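# Overview (structure and organization)
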Amino acid sequence: MDITFQLLLIAHFAALVIGTATAVAMPVIMGRMAAATPEGRQMLGGIGQRLAKNSQLSFAVLLITGVAMVVVRYGGVEGMNPWFWAKMAFVGVVIVMMVFGALVKPGTINPRVLMWINRLALVGIVVSAVFAFN
């Protein structure tokens, strides 16, 4: 592996860790908000907003580094196997859920449903990536 690819892979994995940590921590924070005092809700809400922003930024890094790694290693997407395209489909699901979550009025859909769709899509991304690139 050349140094460019290795640096991209490090950034990719770091962003994956940040995004995954948010997917794990956010339901805990939201669960605690229900029983919190008004001051506690405000504090937890601030933490939740910061985690959401971190997740969005990490997703952008994942997209950029992912594309860059495919270009550096394979010269583009021509000839990629079906697992790669499955991974891209799961990435598309996450993008749709992010846009949906940002545009839809809160309370329109149960946040737990959105969270589970995202979690399952993340699992699909990781499994597909393992099969696509190994």
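It should be emphasised that the depicted structure is a prediction, and the values quoted were computed from it without experimental measurement.

With that out of the way, let us pick up the side chain of S128. Looking at where S128 falls in the secondary structure, it is placed in helix 4 (residues 111-133). Given the relative accessible area of 2%, S128 is considered buried. Discounting residues that sit within four places of it in the chain, S128 has contacts with W83, A86, K87 and F90.

This part takes up the nonpolar core. Among the nonpolar cores identified, the biggest contains six residues, and these are M26, I29, M33, A36, L44 and L51. Mapped by element, the contributors of at least two residues to this core are helix 1 (3-35) and helix 2 (38-74). For this core, the leading source of residues is helix 1, giving three residues. Those residues in contact with A36 that lie beyond four places of it in its chain are R41 and L44.

Enumeration over the complete set of coordinates arrives at four aromatic pairs. Centre to centre, the rings of Y74 and F133 are 6.1 Å apart; their planes meet at 25 degrees, and the pair counts as stacked. Taken together, the residues Y74 in helix 2 and F133 in helix 4 connect sequence positions 59 residues apart. The partly exposed category is assigned to Y74, whose relative accessible area is 39%. For F133, a relative accessible area of 31% corresponds to the partly exposed category. Between F84 and W85 the ring centres are 4.9 Å apart and the planes differ by 85 degrees, which places this aromatic pair in the edge-to-face class. In this structure W85 comes out as partly exposed when scored by relative accessible area, which is 43%. These aromatic residues form a ring-pair network of at least three members: Y74, F84, W85 and F133. The aromatic ring of F5 is capped on one face by R73, whose charged end is 3.9 Å from the ring centroid. Above the face of the W116 ring, R119 is positioned so that its terminal group lies 4.8 Å from the ring centre.

Packed helices, taken two at a time, are described by their axes: the angle between them and the distance between them. Contact geometry of helix 1 with helix 4 gives a least axis separation of 11 Å together with a crossing angle of 160 degrees. Classified by the angle between their axes, helix 1 and helix 4 sit roughly antiparallel to one another. Two packed elements cross with a definite hand, and for helix 1 against helix 4 that hand is left-handed. Note on element contacts: helix 4 touches helix 1 through M115, R119 and L122, opposite A23, M26 and P27. When grouped by side-chain class, the residues that make up the contact of helix 1 with helix 4 number five nonpolar, no polar and one charged.

For the pair helix 2 and helix 3 (residues 82-103), interaxial distance at closest approach is 12 Å and the crossing angle is 155 degrees. Comparing their axes, helix 3 and helix 2 come out roughly antiparallel. As for how helix 2 packs across helix 3, the hand of that crossing is left-handed. Together, Q56, F59, L63 and V70 of helix 2 and F84, V91, V94, I95 and M98 of helix 3 make up the contact between the two elements. Of the residues contributing to the contact of helix 2 with helix 3, the split by class is eight nonpolar, one polar and no charged.

Criteria and cut-off values
Residues numbered from 1 in each chain as written. Predicted model: local features only at pLDDT ≥ 70, side-chain atom pairs only at ≥ 80, totals over all residues. Heavy atoms only, no water. Helix = DSSP H or I, 4+ residues; strand = E, 2+ residues; numbered from the N terminus. Buried < 20%, exposed > 50% of the residue type's maximum accessible area, 1.4 Å probe, protein only. Contact = heavy atoms within 4.5 Å. Core = buried A, V, L, I, M, F, W, Y, C linked by side-chain atoms within 4.5 Å. Phe/Tyr/Trp six-rings, centres within 6.5 Å; stacked < 30°, edge-to-face > 60°. Lys NZ or Arg CZ within 6 Å of the ring centre and 35° of its normal. Axes fitted to C-alpha atoms, helices over the stretch in contact; angles between N-to-C directions. Parallel < 35°, antiparallel > 145°, perpendicular 65-115°, else oblique. Left-handed = near helix turned anticlockwise from the far one by under 90°. Nonpolar A, V, L, I, M, F, W, Y, C, P; charged D, E, K, R; others polar.

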